[in-house]
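Inside the fold
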Amino acid sequence: MKNYKRNILILLSVLLSSILISFAGCNLLGNRTEENAKEHIKDITNIDIPRDAKLLYRCADDDFGPGRKSHLTVYQFEKEPTEWLNENKFLTSEDDSLLVAENEHHFLEYFDFSTHDKNKIPREYVPDFDKFYKWICPARVHFFYYPDTLRLIVYVAWG
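Residues numbered from 1 in each chain as written. Predicted model: local features only at pLDDT ≥ 70, side-chain atom pairs only at ≥ 80, totals over all residues. Heavy atoms only, no water.

So, on to the layout of surface pockets. Within this model, the largest pocket holds a volume of roughly 150 Å³. What lines the largest pocket is Arg123, Glu124, Val126, Asp128, Lys131, Tyr146, Asp148, Thr149, Arg151 and Ile153. Considered class by class, the residues forming the lining of the largest pocket number 3 nonpolar, 1 polar and 6 charged. (1 Å grid on protein atoms, 1.4 Å probe; cavity = no way out; pocket = protein on both sides within 12 Å on 5 of 7 lines; lining within 4 Å. Points joined across faces, edges and corners; volume = space filled by probe spheres on them. Nonpolar A, V, L, I, M, F, W, Y, C, P; charged D, E, K, R; others polar.)

Below is the structure:
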């Protein structure tokens, strides 16, 4: 009987330890998600997302098979990253209207095709072309910065 109680106690200890390690692993993975998102964007575009940009939202679409995902990632700034925007030569939505229209068209084309669950994405995280924004689009990666909300929306088309 003593061995039975001892075995139950060992089993419960192992189970409890596994659960605690599992929770710790999830927290570590959550912290790494932000780092992974920034690294992924850097690998494709050679653009570093500033350290003070905080991850607000991220979703990925798996419809393109292994290694072919589109990602929508949203970052929040505490203050406008003016130097970073200038270094990366962001344009404004008021610049050359033909170029802006072409960028918006390409974004919508990729976004509509790849993001079948776009209705699940909160509206405030989808680019709004009726508002003033700053943008660049290197290597099929759309960057939209909204000065009124201090948010950066990054859409990687099939990255």
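With that settled, the discussion passes to the nonpolar core. Nonpolar side chains tend to gather and get buried jointly when the protein is soluble and globular. Of all hydrophobic cores here, the largest spans 18 residues; its most connected members are Ile49, Tyr75, Trp84, Phe90, Phe143, Leu152 and Val154. Those elements that place two or more of their residues in this core are helix H1 (2-45), helix H2 (82-87), strand E5 (141-146) and strand E6 (151-156). Core analysis: the next-biggest nonpolar cluster, separate from the first, contains 16 residues, Tyr57, Phe111, Phe144 and Ala157 among them. (Core = buried A, V, L, I, M, F, W, Y, C linked by side-chain atoms within 4.5 Å. Buried < 20%, exposed > 50% of the residue type's maximum accessible area, 1.4 Å probe, protein only. Helix = DSSP H or I, 4+ residues; strand = E, 2+ residues; numbered from the N terminus.)

One non-glycine residue, asparagine 46, adopts positive backbone phi at about 65 degrees. Within the secondary structure, asparagine 46 is located in the loop between H1 and strand E1 (54-61). By relative accessible area, asparagine 46 is classed as exposed at 60%.

It is worth spelling out the pattern of salt bridges at this point. Close approach of charged atoms allows side chains of opposite charge to pair. All chains considered together, the criterion is met by 3 salt bridges. The residue lysine 134 makes a salt bridge to glutamate 80 at a minimum N-O spacing of 3.2 Å. A residue pair is termed long-range when its members are at least 10 positions apart, and lysine 134 in strand E4 (residues 134-136) and glutamate 80 in the loop between strand E2 (70-76) and H2 qualify at 54 residues. The exposure class assigned to glutamate 80 is partly exposed, which follows from its relative accessible area of 30%. Put simply, lysine 131 and aspartate 148 hold a salt bridge, and the shortest N to O gap is 3.9 Å. Separated by 17 residues along the polypeptide, lysine 131 in the loop between helix H3 (97-114) and E4 and aspartate 148 in the loop between E5 and E6 bring together distant segments of the chain. The class of aspartate 148 is exposed, set by a relative accessible area of 53%. (Salt bridge = Lys/Arg side-chain N within 4 Å of Asp/Glu carboxyl O.)

By themselves these figures say nothing about function.
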